[in-house]
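# Coordinate analysis (summary)
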Amino acid sequence: MSSALDARFFDGRSSRPHAARLHVQGDVLTITPAPGEDFAPLRVPLAQVRWPERTRHGGRIAQLPQGASVQALDVAAWDEWAAQQGRAESWVVRAQQNWRGVALALVLLVAATAALYQWGLPWVARGVTAAIPLRVDAMVGAEVLASIDESLLLPSALPPADQERIRRAFAQMVQTAHPGDVPSWKLEFRRGRDKKLGPNALALPGGTIVLTDELVLLMPGNDEAVLGVLGHELGHVRLRHAMRQLVQVSAVGFAVSVAFGDYGTLIGSAPVLLAALGYSRDAEREADAESVRLMRAVGISPRVMVAFFEAIERWRSEQKRAGLDDDAIGLAFSSHPATAERIAFFKDAAVN
Ligand SMILES: [Zn+2]
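Before going into details, it helps to say that this report is about the structure given with it. (Residues numbered from 1 in each chain as written. Predicted model: local features only at pLDDT ≥ 70, side-chain atom pairs only at ≥ 80, totals over all residues. Heavy atoms only, no water.)

A word on the overall build of the protein chain. Across its full length, the protein chain holds 14 helices and ten strands. Counting over 352 residues, the protein chain shows a buried share of 46%. At a minimum sequence separation of 6, the contacts of the protein chain that also span at least 24 residues come to 63%. (Helix = DSSP H or I, 4+ residues; strand = E, 2+ residues; numbered from the N terminus. Buried < 20%, exposed > 50% of the residue type's maximum accessible area, 1.4 Å probe, protein only. Contact = heavy atoms within 4.5 Å.)

What follows deals with the nonpolar core. Judged by nonpolar contacts, the single largest core of 36 residues is most densely connected at Ile166, Phe170, Leu211, Leu230, Met305 and Phe308. Sequence-distant contacts of Leu211, that is, excluding residues within four places in its chain, are made with Ile166, Leu187, Glu188, Phe189, Arg190, Asn200, Ala201, Val216, Val226 and Leu230. Leu153, Leu197, Leu202 and Val247 belong to the second largest nonpolar core, which has 29 residues in total. (Core = buried A, V, L, I, M, F, W, Y, C linked by side-chain atoms within 4.5 Å.)

In this section: the packing of aromatic side chains. Two measures describe an aromatic ring pair: the distance that separates the ring centres and the angle between the ring planes. Within this structure, the stated rule accounts for six aromatic pairs. A centroid spacing of 4.7 Å and a plane angle of 65° characterise the contact between Phe170 and Trp185, whose relative ring orientation is edge-to-face. A residue pair is termed long-range when its members are at least 10 positions apart, and Phe170 in helix α6 (residues 160–177) and Trp185 in the loop between α6 and β8 (186–192) qualify at 15 residues. Under the relative-accessibility criterion, Trp185 is labelled partly exposed at 22%. Between Phe345 and Phe346, the aromatic rings sit 5.4 Å apart at their centres with planes inclined by 80°, giving edge-to-face as the arrangement. A relative accessible area of 32% places Phe345 in the partly exposed class. Each residue in the set Phe308, Phe309, Phe345 and Phe346 is aromatic and connected to the rest through ring pairs, giving one cluster. (Phe/Tyr/Trp six-rings, centres within 6.5 Å; stacked < 30°, edge-to-face > 60°.)

A regular strand places its side chains on the two faces of the sheet in alternate fashion. For strand β10 (residues 208–212), the buried fraction is high: five of the five residues fall into the buried class. Relative to β10, strand β9 (residues 201–203) is paired through three bridges, and the arrangement is antiparallel. Directly across from Leu202, in β10, lies its bridge partner Val210. Counting the residues between successive antiparallel strands, the hairpin from β9 to β10 contains four residues, one of them, Gly206, with a positive phi of roughly 95°. (Pairing = 2+ DSSP bridges.)

Before going further, it helps to examine the sheet that holds strand β5 (residues 61–63). One open sheet holds the six strands; their spatial order is β4-β3-β2-β1-β6-β5, and the pairing between them is antiparallel. In the strand order of this sheet, the two ends are held by β4 (42–45) and β5, each with one partner. Ignoring which end each strand starts from, the neighbouring axes of this sheet average 35° apart. Pairing of strand β3 (residues 28–33) with β4, which is carried by four bridges, proceeds in the antiparallel orientation. The partner of Ile31 across the bridge, within β4, is Leu42. (Axes fitted to C-alpha atoms, helices over the stretch in contact; angles between N-to-C directions.)

The next subject is the pattern of salt bridges. Scanning the model with the defined rule gives 19 salt bridges in all. With its nearest N and O atoms 2.9 Å apart, the salt bridge here joins Asp137 to Arg240. Placement of the pair is Asp137 in helix α5 (residues 134–151) and Arg240 in the loop between α8 (223–238) and α9 (241–249), with a sequence separation of 103 residues. For Asp137, a relative accessible area of 3% translates into the label buried. One salt bridge connects Glu188 with Arg190, and the closest N-O pair in it is separated by 2.9 Å. No difference in accessibility class separates Glu188 from Arg190, as the two residues are buried. (Salt bridge = Lys/Arg side-chain N within 4 Å of Asp/Glu carboxyl O.)

Moving on: the pairing of β3. In this structure, strand β2 (residues 18–25) lies alongside β3, joined through six bridges in antiparallel fashion. Each residue of the ladder has a partner; that of Gln25, found in β3, is Val28. Counting the residues in the hairpin turn of β2 and β3 gives two residues, including Gly26, whose phi is positive at 60°.

That's the geometry; what it means functionally is another story.
Given below as structure tokens:
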């Protein structure tokens, strides 16, 4: 039994939209004119429909053969209708219909498994990550931000002038350290909900860095430590550490996604996975090195980070005394322990 969905139909020849109704019957998508329209009804085998990826934001456009397409009028209604048609299993459905995709996925899988034994997971994750288009990072980042906005974050209460001062100083620092090749980033100010996140910063895939008010206020009047932390997060952004972590925990899923160009399932599961993950020591080392590079570019002494780690440790022991958990999300800055090795790294950087 199949229900109908109202949609906008483009025939691929003119840019004029037609009001249409979509039905799925068996393996065929039928596009019929809505009352008052007069195009010839179209029957397209489902195997030839390129369905849109499901993301929380943005519209839905399904591509049909010969440049035709159908577009959602109402995204929520579209998703509900698509779910009824069993679209949740999109890649499985397409895997069965696309033997070339299956062959490619198998080759990738065998290669990934072989490489895994030979060189280890981090190396494989780096290679697979390089094959993922950057727009996927941005979609993952948007999904994760929406998810933590619902569960962990509130709007910032910092005066706009303070936000602007920090944003401008960070922009200048990035520009000075990477002239001609400025990495793309976006700074989002938020306040932690229920003291769960505390003084913290978090780099999301795609370049969004979330900074909490509590971190800005941890050492009042000292923007230099805030800039050092942001520099560390920029290191995670530039090296796509969060994406690599995602790839590492679901290597098989990503090999299939790369083969089929369909990242919907992975984007949907990213918030849950990222909340549970942490960075490796190597990733932390690389991010700390980026922090030092950026601070040096504008004449900030890396020593500010030593004072900052002490302040974070004080906050952490207060949390413990109050019986509160500070591990709300594994990729957040305060979840990375300020080990003696890291503190020594910033101390050395200050004198060399
Ligand atoms: Zn980090």
